[in-house]
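The lines below spell out each chain.
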Amino acid sequence: SRVPIPREPHQLPWGCGWDTDTGTGPQRPLPALSTPPRASRPTRSTARSRTHPIPIGGRAPPSQPIDRVKKSLGAGRSRGPFGKFVSPVARQDGSEGGGAAGKPPAGAPAEAALPVDERLRNIEPRMVELIMHEIVDHGPPVSWDDIAGVDFAKATIQEIVVWPMLRPDIFTGLRGPPKGILLFGPPGTGKTLIGKCIACQSGATFFSISASSLTSKWVGEGEKMVRALFAVARCQQPAVIFIDEIDSLLSQRGDGEHESSRRIKTEFLVQLDGATTSSDDRVLVVGATNRPQEIDEAARRRLVKRLYIPLPEAPARKQMVTRLMSRERCRLSEAEIELIVQRSHGFSGADVTQLCREASLGPIRSLQSLDITTVMAEQVRPIAFADFESAFRTVRPSVSTKDLELYETWNQTFGCGR
Ligand SMILES: Nc1ncnc2c1ncn2[C@@H]1O[C@H](COP(=O)(O)OP(=O)(O)OP(=O)(O)O)[C@@H](O)[C@H]1O
């Protein structure tokens, strides 16, 4: 008997299919699609114990009972922000795109049935899987309205990045989009949100990685990882590769620089140059950093648009507080909100969020005499201004004035802001 398709079918990379035995999928769901049953897909558990199930280098995937419903990377995805997905699994006719068209004819050898995208020929399959599972971000979509303030950066990005990605036919030649941009500024000001928003608004796949994990998490493999990341991104274009803490990848070369770090950096620059020279590829690198001054000249030159993402001004802080409080039971007058906004001067967006979180615990703390396990939800009083007053005693701004001066100076020298 056929195992029912999970309620929310997910598109899974090779060898990491939805486990129909346990009904479990990857931690973060991959983009949805519907795929015909494939006899040659391994289960998730078998995938873990093998090098790789796809026929790179002529290795056939293991057989598997036909009654399993499996998902495959790139088969017919067409919805949402991933609508322009290009499958790394080529079709039988040699064109790209998986799905039913890529289904092997009955009895055909598996190698012939599942040719791998040329761009992934030299990439270790387990890295492709890692990227699809751990680096492709599938969280909820982000819109410009979710990001308070930073109007100049938002308008610039819309014009130079999002529109060109949506209309590559109009944005050609001099109007062509940059291949790399840098978002710099204090921590917690929305750089990651912006990166994700770019991907969502331009219908691109969002790859998000922290540069430090390239050196620490994939010890000795960072270089290969960088190559694999760009290769997969090209297969899934339009794509946005968001690299947090990019300074740790592109810091100025020094005598003490570790050999492996040097190799990762060189590979990254090579890949970035590749993205620049291949004008048809729609892969954008968005680097984010809190230490722009540590990025060396060669890298800086390649990240052509360098946008300062500063601390939120009063109207942006007000927007954040109002928005966060609108989702809670709360009793705050307009004047009290204004007071919160004034007193949070110097707070980053993350600090404001933390302040609201802390205040939201006030009503729970005031339940002292009641047993939290039995208390009725209605007995929890609304959040009041007094809760914010207490929260201000524990939540402080995380950015120092001295750091802010550094950002301002760097922005005046290298930034693209006004
Ligand atoms: N401009 C903003 N508008 C709305 N929320 C914001 C904004 N800036 C920060 N936040 C809140 O702070 C959290 C952290 O933001 P984000 O991770 O985008 O900051 P970041 O600049 O990338 O920080 P870091 O430099 O530390 O990586 C967000 O999830 C959001 O809740």
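Thresholds, definitions, all that
- Residues numbered from 1 in each chain as written.
- Predicted model: local features only at pLDDT ≥ 70, side-chain atom pairs only at ≥ 80, totals over all residues.
- UniProt positions renumbered as here; feature names shortened; annotations may be inferred.
- Pairing = 2+ DSSP bridges.
- Helix = DSSP H or I, 4+ residues; strand = E, 2+ residues; numbered from the N terminus.
- Axes fitted to C-alpha atoms, helices over the stretch in contact; angles between N-to-C directions.
- Parallel < 35°, antiparallel > 145°, perpendicular 65-115°, else oblique.
- Contact = placed C-beta atoms within 7 Å.
- Nonpolar A, V, L, I, M, F, W, Y, C, P; charged D, E, K, R; others polar.
- Near = placed C-beta within 6 Å.
- Domains from an automatic or database assignment.
- Core = buried A, V, L, I, M, F, W, Y, C linked by C-beta atoms within 7 Å.
- Buried ≥ 20, exposed ≤ 12 C-beta atoms within 10 Å, placed from the backbone.

- An unreviewed UniProt entry lists the chain under the name Fidgetin-like protein 1, from Nothoprocta perdicaria.
- According to UniProt, the comment filed for the chain under the heading Cofactor (unreviewed entry) is "Mg(2+)".
- Annotation of the chain in UniProt includes, under Sequence similarities (unreviewed entry), the sentence "Belongs to the AAA ATPase family."

**Examining the sheet that holds strand β3 (residues 239-244)**
No. 1: The strand order β2-β3-β4-β1-β5 describes an open sheet built from 5 strands, whose pairing is parallel. The open sheet terminates on both sides in strands that have one partner only, identified here as β2 (205-210) and β5 (305-308). Taken over all neighbouring pairs, the strand axes of this sheet differ in orientation by 20° on average, direction set aside.
No. 2: Pairing analysis gives 6 bridges linking β2 to β3, with the strands arranged parallel. Its bridge partner lying in β3, S210 is registered against D244.

**Here we look at the packing of helix α3 (residues 125-135) against helix α7 (residues 222-235)**
No. 1: Put simply, α3 and α7 touch, their axes get as near as 10 Å, and they point 75° apart. The orientation of α3 relative to α7 falls into the category roughly perpendicular. Here M127, V128, I131 and I135 of α3 lie close against α7, whose contacting residues are K224, M225, A228, L229 and V232.
No. 2: Across the contact of α3 with α7, the residue classes tally to 8 nonpolar, no polar and 1 charged.

**Some points on the site of the ligand**
No. 1: Looking at the ligand, there are 19 residues lining it, with P187, G190, K191, T192 and G349 nearest.
No. 2: Those elements that provide at least two residues to the shell around the ligand are α5 (191-201) and α13 (349-360).
No. 3: Among the residues making up the shell around the ligand, the classes are represented as 9 nonpolar, 8 polar and 2 charged.
No. 4: Structurally, the shell around the ligand is a two-domain feature, drawing no fewer than three residues from each of domain 2 (144-311 + 409-414) and domain 3 (314-398).

**Quick notes on the nonpolar core**
No. 1: Within the largest apolar cluster, 83 residues are counted, with the highest numbers of intra-cluster contacts made by I131, F207, L229, V240 and I241.
No. 2: Non-local contacts of I241, meaning those with residues more than four positions away in its chain, are made with F207, L229, A233, V283 and V285.

**What to know about the pairing of strand β1 (residues 180-184)**
No. 1: By the criterion of burial, β1 is predominantly enclosed, with 5 of the 5 residues buried.
No. 2: Along β1, one buried face is formed by G180, L182 and F184 and the opposite face, lined by I181 and L183, is buried too.
No. 3: Here β1 pairs with strand β4 (residues 283-289) via 5 bridges, running parallel. Residue F184 lies in a different strand from β4, and its bridge partner there is T289.
No. 4: Bridge analysis of β1 against β5 gives 4 bridges, and the strand direction is parallel. Bridge pairing in β5 links L182 to R306.

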